[in-house]
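Listed below, chain by chain, are the residues.
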2 protein chains.
Amino acid sequence: MAKYTKRSEDYSKWYNEVIERAGLAEHSDVRGCMVIKPYGYAIWENMKSVLDAKFKETGHSNAYFPLFIPKSYLSKEAQHVEGFAKECAVVTHYRLKTSESGELIVDPDAKLEEELIVRPTSETIIWNSFKNWIQSYRDLPLKINQWANVVRWEMRTRLFLRTTEFLWQEGHTAHSTKEEAIEEAEQMLNVYADFVEEYMGMPVVKGIKTAAERFAGADETYCIEAMMQDGKALQAGTSHFLGQNFAKAFDVKYADKEGKLEHVWATSWGVSTRLIGGLIMTHSDDEGLVLPPKLAPIQVAIIPIYKTAEQLEAISEKVAVLKSELIKKGISVTFDDDDNRRPGWKFAEYEAKGVPVRVAIGPRDLENNKAEVARRDTKTKEVVEWDGISTYIVDLLDEIQDNLLNKAKEFRTENTTPVESYEEFKKVLEEKGGFISAHWDGTSETENKIKEETKATIRCIPLDAKEEAGKCIYSGNPSTKRVLFAKAY
Amino acid sequence: MAKYTKRSEDYSKWYNEVIERAGLAEHSDVRGCMVIKPYGYAIWENMKSVLDAKFKETGHSNAYFPLFIPKSYLSKEAQHVEGFAKECAVVTHYRLKTSESGELIVDPDAKLEEELIVRPTSETIIWNSFKNWIQSYRDLPLKINQWANVVRWEMRTRLFLRTTEFLWQEGHTAHSTKEEAIEEAEQMLNVYADFVEEYMGMPVVKGIKTAAERFAGADETYCIEAMMQDGKALQAGTSHFLGQNFAKAFDVKYADKEGKLEHVWATSWGVSTRLIGGLIMTHSDDEGLVLPPKLAPIQVAIIPIYKTAEQLEAISEKVAVLKSELIKKGISVTFDDDDNRRPGWKFAEYEAKGVPVRVAIGPRDLENNKAEVARRDTKTKEVVEWDGISTYIVDLLDEIQDNLLNKAKEFRTENTTPVESYEEFKKVLEEKGGFISAHWDGTSETENKIKEETKATIRCIPLDAKEEAGKCIYSGNPSTKRVLFAKAY
Ligand SMILES: [Zn+2]
Ligand SMILES: [Zn+2]
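In this text, all values refer to a predicted model and were calculated from it rather than measured experimentally. (Residues numbered from 1 in each chain as written. Chains lettered and ligands numbered in written order. Predicted model: local features only at pLDDT ≥ 70, side-chain atom pairs only at ≥ 80, totals over all residues. Heavy atoms only, no water.)

A.B. asks: Teacher, can you tell me more about the interface of chain B and chain A here?
C.D. replies: Interface extent is often summarised as the accessible area lost during association of the parts. With 63 residues of chain B at the contact, the number on the chain A side is 63 residues. Across the chain B/chain A interface, buried area totals approximately 5,100 Å², and carbon plus sulfur atoms make up 65% of it. Among the residues chain B hides against chain A, the three largest losses belong to Tyr 64, Leu 96 and Leu 104 of chain B. Together they make up 13% of the total. Between chain B and chain A we count two salt bridges in total. Here Glu 45 of chain A ties to Lys 56 of chain B by a salt bridge, and the two come within 3.1 Å at their closest N and O atoms. The tally of links from chain B across to chain A stands at 32 residue pairs in polar contact (both at pLDDT 80 or more). For the side of chain B that touches chain A, the per-class residue count stands at 38 nonpolar, 10 polar and 15 charged. Here strand S5 (residues 90–93) of chain A runs beside strand S5 (residues 90–93) of chain B; their pairing, made up of three bridges, is antiparallel. (Contact = heavy atoms within 4.5 Å. Buried area = accessible area lost by both parts, 1.4 Å probe. Salt bridge = Lys/Arg side-chain N within 4 Å of Asp/Glu carboxyl O. Polar contact = N/O pair within 3.5 Å; in protein donor to acceptor, adjacent residues only side chain to side chain. Nonpolar A, V, L, I, M, F, W, Y, C, P; charged D, E, K, R; others polar. Pairing = 2+ DSSP bridges. Helix = DSSP H or I, 4+ residues; strand = E, 2+ residues; numbered from the N terminus.)

Structural data, given as structure tokens:
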């Protein structure tokens with residue numbers, strides 16, 4: 001059997017192998033663009049369906065806006081263009097032709113008057129529509145979400161975590177008051193945090209970004225930050241309070257009840273296929289992918305162990321009943337009776353795919369009216385009475401879901417360190433890694449110097465940070481709360 | 001009240017007004033790209049969820065492939081590049097910069113070595129992956145579907161029917177035998193036809209395209225053709241048997257059980273947001289959109305008629321019970337108690353939005369324990385006993401669904417005319433329009449001449465066409481079956 005890389009040997013290589021072995025995704029020939037394979041896409045579909053329901057419950061409607069953004073739109077919001085101009089795919093022509101030498105070339109006669117940008121995010125194209133959709137206070141709030149592909153030209157890419165094209169959702173809302181917009185941005189941060197913890201089993205710190213790390217065009221960026229098994233931080237979702245920046249750039253005003261015209265207030269918020277990268281890195285182990293039951297495309301794999309056709313038939317009959325019981329309980333289950341593969345191969349395969357529960361049943365189990373139930377997270381097995389086994393499995397799936405979150409929480413607690421000096425900061429960062437909780441003087445200057453010297457960034461100012469008199473670890477200037485530093489993906 | 005265009009006055013203007021009044025979509029500032037508004041997108045979501053379940057039931061898995069296709073890939077299949085090179089968006093650069101004069105310009109230093117095409121369809125990029133996914137007969141059949149946006153640079157666009165960017169699904173499958181691939185192409189045509197008839201209430205003719213109308217790169221194109229209310233044909237979906245064309249272009253071979261290497265056989269098939277255009281044009285009337293209940297985002301709108309707050313409260317209490325009963329039965333229902341709008345305004349609004357059933361309830365209805373139920377399709381109203389009203393509504397929705405399909409079928413029957421001569425053909429086409437069933441000699445030459453002279457094309461050779469000795473209406477040469485001609489969208 002092939003020998004696979006361990007996390008302790010080469011974390012980055014381990015990550016790629018987990019993805020490859022589970023069949024989640026692969027690089028394409030197009031620089032930085034990945035192919036999301038069926039098993040990986042099934043995880044994304046599960047995430048989408050939960051998130052989409054949560055967006056609808058909170059009053060949002062889906063819509064779809066153009067893939068292309070006229071170049072001039074980008075320029076309308078100064079910070080925004082600054083943030084995205086340097087990494088965008090530009091469409092300049094709309095036709096190919098065959099040259100005299102028989103080659104396929106871009107037709108120079110089909111040059112666009114104004115170049116089009118493949119959307120890196122859709123604020124500008126959406127606010128250009130909002131201008132026509134919003135006239136009066138009656139049109140507010142306007143709460144739209146879009147599921148789409150976006151493109152940011154990345155020089156260094158990594159499957160799921162950073163790709164040139166990725167899939168995401170982007171919420172865009174307009175409100176009559178500042179307070180309502182801020183409430184919306186905070187609400188959606190909570191929707192993300194709840195989803196990520198409850199479904200992905202990935203604990204997050206909710207916080208706000210420093211000015212330097214804010215979204216291009218936002219007045220405030222809220223974020224959730226998770227800790228990966230190598231101690232690095234992953235920004236898992238962001239929610240932006242955009243103030244009146246886009247309303248002013250696109251001249252979007254509403255008439256209030258007295259007929260007075262006012263600019264509207266805005267938010268935008270998004271999560272992407274990057275979440276799958278976080279999911280992989282939070283739970284997987286040296287044997288491959290580990291998936292939380294609530295998002296696993298296959299929750300239970302049942303493998304028959306047999307020598308004769310009669311044995312297989314007897315097992316199949318018994319399993320059919322269990323399978324239909326589990327399906328009735330909403331469990332996704334596979335009975336793998338493929339005759340071309342041996343049980344050992346199947347065990348390894350479902351392990352690599354992170355299937356939470358594996359059931360094996362052979363002739364002796366038939367006789368004893370039992371089956372062997374193995375859980376992926378702890379890699380423990382138990383022989384279980386057949387009667388009541390479906391209830392056992394449902395409970396076990398719950399337990400696995402809880403265990404994954406608790407394990408990740410414990411790991412994060414162990415790897416979050418408060419420090420009191422820059423010396424200590426550097427020592428902890430070097431030797432232990434993880435999140436570092438420290439006082440900071442609130443200036444971008446200090447933030448940048450720490451980043452240059454240590455590669456650690458301020459991941460966020462946690463929303464639950466306590467007021468506490470202290471001194472900045474770098475400048476010694478007074479500080480009132482601790483912020484969270486880490487190296488990040 | 002505004003006066004709207006009737007179908008009989010200006011069909012095309014009527015179509016645009018129906019879309020605008022219902023809030024389905026609008027043109028964007030980006031040439032040929034539309035914005036799909038929430039109500040229009042909700043219809044697409046309903047279509048997607050039904051189709052997606054049907055694809056999964058028939059053994060397909062979703063996946064996602066890159067938006068961009070290297071220019072050289074397009075050239076690999078000769079017919080394919082011929083079909084798509086003339087209408088594609090070309091990405092040539094990956095960065096913008098600010099010029100010395102302060103303008104945002106394309107950075108000439110960021111020119112791509114090889115241009116990228118925004119996918120007009122994904123055969124080439126997908127077959128480049130299939131090459132790595134297929135080694136042995138064990139890997140077959142491979143049955144993949146993708147939900148995606150695609151771009152074809154159209155010069156004359158029309159909301160939903162023909163747009164530069166559109167949303168669609170594209171199935172791509174690989175098989176070990178020709179027979180199995182043909183079976184797959186036919187199966188998916190049937191999936192489309194069943195969906196379109198059962199859910200959209202839009203009857204279709206299943207057939208095959210002539211060589212001239214085939215998909216670029218296909219050996220055979222199957223299609224479903226529907227008749228719009230102006231008598232024109234709409235191609236509603238296509239399913240292609242691709243032979244070994246893409247397998248050869250991308251060198252995709254599998255080892256059979258004896259270890260012999262063979263090229264695989266392929267299909268692809270797709271439907272798009274164009275279906276929404278067909279849906280609109282099949283059922284809507286001079287008062288606006290008419291939606292079949294099975295795809296309507298709102299199936300029932302309940303409108304209270306009241307003068308006092310006490311009346312509204314009494315109505316609301318009663319309606320709450322009905323609403324929860326309907327929701328339990330899986331019906332999507334809205335109770336519109338917006339105090340800013342009068343009932344008459346609401347009636348017109350839900351009519352324009354094509355909501356199948358409207359319930360109005362006022363103080364007198366309360367007294368009599370009744371309500372007024374109006375159906376959108378026939379515009380008839382009935383006063384109904386409150387007890388049992390939810391069952392009444394469920395049955396009514398069924399009846400509306402059936403009625404829409406039957407009406408469309410009847411319309412198509414009335415407007416399908418068999419002709420025996422070219423004179424008759426031209427006369428029917430001119431005076432009556434619709435589908436014309438006629439003998440054709442099987443040559444592209446005749447087909448092209450008829451198209452040039454009359455603008456009618458062969459929509460398809462119906463799968464159920466009877467063998468029948470006849471003479472081509474144009475050339476007089478012998479023919480064995482009738483084909484279907486029409487002007488088309
Ligand atoms: Zn944060
Ligand atoms: Zn046809």
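A.B. asks: Got a minute to help me understand the packing of aromatic side chains in this structure?
C.D. replies: A complete count under the given rule lists 38 aromatic pairs over all chains for this structure. Considering the side-chain rings of Tyr 11 of chain A and Trp 14 of chain A, the 5.1 Å spacing of their centres and the 40° angle between planes classify their relative orientation as tilted. Remark: Trp 14 of chain A and Tyr 11 of chain A occur in helix H1 (residues 11–22); sequence separation between them is three residues, near one turn of the helix. Across the pair, Trp 14 of chain A and Tyr 11 of chain A agree in class, each one buried. Between the aromatic rings of Tyr 73 of chain B and Phe 250 of chain B, the centroid separation amounts to 6.0 Å while the plane-to-plane angle is 70°, which identifies the pairing as edge-to-face. (Phe/Tyr/Trp six-rings, centres within 6.5 Å; stacked < 30°, edge-to-face > 60°. Buried < 20%, exposed > 50% of the residue type's maximum accessible area, 1.4 Å probe, protein only.)

A.B. asks: Would you explain the sheet that holds strand S3 (residues 61–62) of chain A in this entry?
C.D. replies: Backbone hydrogen bonds hold the strands of a sheet together, and the pairing may be parallel or antiparallel. Residue and element names in this part refer to chain A. Sheet architecture is open: 11 strands sit in the order S3-S9-S10-S16-S13-S12-S11-S24-S27-S23-S22, paired in mixed fashion. Unpaired on one side and paired on the other, S3 and strand S22 (416–418) mark the two borders of the sheet. Here two bridges tie strand S11 (residues 205–208) to strand S24 (residues 457–462), and the two strands are oriented antiparallel to one another. Opposite Ile 208, over in S24, you have Ile 461 as the bridge partner. Against the sheet, helix H8 (residues 274–283) touches strand S13 (233–243) and strand S16 (265–272), its axis set at about 145° to S13. (Axes fitted to C-alpha atoms, helices over the stretch in contact; angles between N-to-C directions.)

A.B. asks: Explain the pairing of S13 of chain A to me, please; I cannot follow it from the model alone.
C.D. replies: Two faces, one strand: in a regular strand the side chains alternate between the faces of the sheet. Residues and elements named next belong to chain A. Of all 11 residues in S13, 10 are buried; the element is thus mostly enclosed. Hairpin geometry of strand S12 (residues 220–227) and S13 is characterised by an intervening segment of five residues between the two adjacent antiparallel strands and by a positive phi of about 85° at Gly 231. Pairing of S13 with S16 involves five bridges; the strand directions are antiparallel. In the sheet register, Ser 239 faces S16, and the bridge partner there is Trp 269.

A.B. asks: I tried to follow the coordination of the zinc ion (ligand 2) on my own but got confused; where do I start?
C.D. replies: For a metal bound by four donors in tetrahedral geometry, the ideal donor-metal-donor angle is 109.5 degrees, whereas six donors in octahedral geometry ideally sit at 90 or 180 degrees. All names here are of chain B. Every protein donor of the zinc ion (ligand 2) is accounted for by Cys 223 (SG) and Cys 460 (SG), and the metal-donor separations fall at 2.1 to 2.7 Å. Residue Cys 223 is found in strand S12 (residues 220–227), and its partner Cys 460 is found in strand S24 (residues 457–462); the two are separated by 237 residues along the sequence. The pair Cys 223 / Cys 460 is uniform in exposure class, with both members buried. (Donors = N, O, S within 2.8 Å, 3.2 Å for Na, K, Ca; no water.)

A.B. asks: When you look at unusual backbone geometry in this model, what are you seeing that I'm missing?
C.D. replies: Where the residue is not glycine, phi is negative for most of them; where a peptide bond is considered, it is trans in most cases. Cis geometry marks the peptide bond from Leu 140 of chain A to Pro 141 of chain A, where omega comes out at -10°. Residues other than glycine seldom take positive phi values, yet Asp 251 of chain B does so here, at roughly 55°. By the element assignment, Asp 251 of chain B lies in the loop between helix H7 (245–249) and strand S14 (253–255). Asp 251 of chain B gets classed as partly exposed once you look at its relative accessible area, which sits at 46%.

A.B. asks: Before we go on, may I ask you to explain the relation of the copies chain B and chain A in this structure?
C.D. replies: In summary, the two copies of the chain are related to each other by a rotation about an axis coupled with a shift along it. Each copy of the sequence occupies a distinct position, and chain B is placed on chain A by a rotation of 180° and an axial shift of 0.0 Å, giving an RMSD of 0.0 Å. Taken together, the rotation and translation describe the operation of a two-fold axis. Judged by C-alpha distance, Val 91 of chain B is the residue of chain B that lies nearest the rotation axis, at 2.1 Å. Both copies contact each other with a shared surface, as 100% of the interface residues of chain B are interface residues in chain A too. (Least-squares fit on C-alpha atoms with pLDDT ≥ 70 in both.)

A.B. asks: I'm lost on the nonpolar core in this one. Help?
C.D. replies: Note on soluble globular proteins: their nonpolar side chains tend to be buried together. In terms of nonpolar packing, the biggest core is built from 98 residues, with Phe 68, Val 118 and Trp 127 of chain A together with Phe 68, Val 118 and Trp 127 of chain B touching the most fellow members. In this view, Trp 127 of chain B contacts Thr 173, Ala 174, Phe 246, Ala 247, Phe 250, Val 252, Val 264 and Ala 266 of chain B; residues no more than four positions away in its chain are not counted. (Core = buried A, V, L, I, M, F, W, Y, C linked by side-chain atoms within 4.5 Å.)

A.B. asks: I'm lost on the sheet that holds strand S3 (residues 61–62) of chain B in this one. Help?
C.D. replies: Residue and element names in this part refer to chain B. Taken in spatial order, the 11 strands line up as S3-S9-S10-S16-S13-S12-S11-S24-S27-S23-S22 in an open sheet, and their pairing is mixed. Each edge of the open sheet is held by one strand with a lone partner, namely S3 and strand S22 (416–418). As paired elements, strand S9 (residues 142–151) and strand S10 (residues 165–175) share 10 bridges and run antiparallel to each other. The partner of Lys 143 across the bridge, within S10, is Thr 173. Along the sheet, helix H2 (residues 38–57) makes contact with S3, S9, S10 and strand S16 (265–272), crossing S9 at roughly 165°.

A.B. asks: Can you help me understand empty space enclosed by the protein in this one?
C.D. replies: Picture a little ball the size of a water molecule; that probe, rolled over the atoms, points out where space is still empty. Enumeration over the complete set of coordinates arrives at one cavity of 30 Å³ or more. As a volume, the largest cavity reaches approximately 40 Å³. In terms of lining residues, the largest cavity is bounded by Cys 33, Met 34, Ile 36, Glu 165, Phe 166 and Leu 167 of chain A together with Tyr 64 of chain B. Elements supplying a minimum of two residues to the lining of the largest cavity: strand S2 (34–36) and strand S10 (165–175) of chain A. By residue class, the composition of the lining of the largest cavity is six nonpolar, no polar and one charged. (1 Å grid on protein atoms, 1.4 Å probe; cavity = no way out; pocket = protein on both sides within 12 Å on 5 of 7 lines; lining within 4 Å. Points joined across faces, edges and corners; volume = space filled by probe spheres on them.)

A.B. asks: I keep staring at the domain arrangement of chain A and nothing clicks. Help me out?
C.D. replies: What the domain assignment reports for chain A is domain 1 (11–283), domain 2 (298–398) and domain 3 (416–486). Taking the mean C-alpha position of each, domain 2 of chain A and domain 3 of chain A sit 49 Å from one another. (Domains from an automatic or database assignment.)

A.B. asks: Looking at this model, I keep getting lost on the coordination of the zinc ion (ligand 1). Mind explaining?
C.D. replies: Protein-derived ligands of the zinc ion (ligand 1) are Cys 223 of chain A (SG) and Cys 460 of chain A (SG), with the metal-ligand distances lying across 2.1 to 2.7 Å. Relative accessible area serves as the criterion here: at 0%, Cys 460 of chain A is assigned to the buried category.

A.B. asks: Whenever I open this one, the UniProt feature "domain: Aminoacyl-transfer RNA synthetases class-II family profile" (unreviewed entry) in chain A confuses me. Can you help?
C.D. replies: Following the UniProt record, the feature "domain: Aminoacyl-transfer RNA synthetases class-II family profile" (unreviewed entry) maps to residues 38–292 of chain A here. The annotated region residues 38–292 of chain A carries 31% helix and 32% strand content, and the separation between its end C-alpha atoms amounts to 18 Å. (UniProt positions renumbered as here; feature names shortened; annotations may be inferred.)

A.B. asks: Help me understand the environment of Thr 454 of chain A, please; the structure alone is not making it clear to me.
C.D. replies: All names here are of chain A. On the secondary structure map, Thr 454 appears in helix H14 (residues 444–454). For Thr 454, a relative accessible area of 9% gives the class buried. Note: C-alpha distance between Thr 454 and Leu 429 (25 residues apart in sequence) is 8.1 Å. If near-sequence neighbours (up to four positions away) are discounted, Thr 454 is found in contact with Tyr 422, Phe 425, Lys 426, Leu 429 and Lys 487. A polar atom in the side chain of Thr 454 sits 2.7 Å from the backbone oxygen of Ile 450.

A.B. asks: It is not clear to me how the side chain of Ser 136 of chain B should be interpreted in this structure. Could you clarify?
C.D. replies: Residues and elements named next belong to chain B. Relative to the elements of secondary structure, Ser 136 occurs in the loop between helix H5 (123–133) and S9. In terms of polar contacts, Ser 136 uses its side chain to reach the backbone amide nitrogen of Arg 138, at 2.8 Å. Contact partners of Ser 136, with chain neighbours within four places excluded, come to Tyr 254 and Ala 255.

A.B. asks: What's the story with the environment of Pro 292 of chain B in this structure? I'm lost.
C.D. replies: All names here are of chain B. Take Pro 292: it is sitting in the loop between helix H8 (274–283) and strand S17 (300–304). The exposure class of Pro 292 is buried, given its relative accessible area of 0%. C-alpha separation for the pair Pro 292 and Leu 397, spaced 105 residues apart in sequence, amounts to 8.5 Å. Setting aside residues no more than four positions away along its own chain, Pro 292 makes contact with Tyr 199, Met 200, Leu 279, His 283, Gln 401 and Leu 404.

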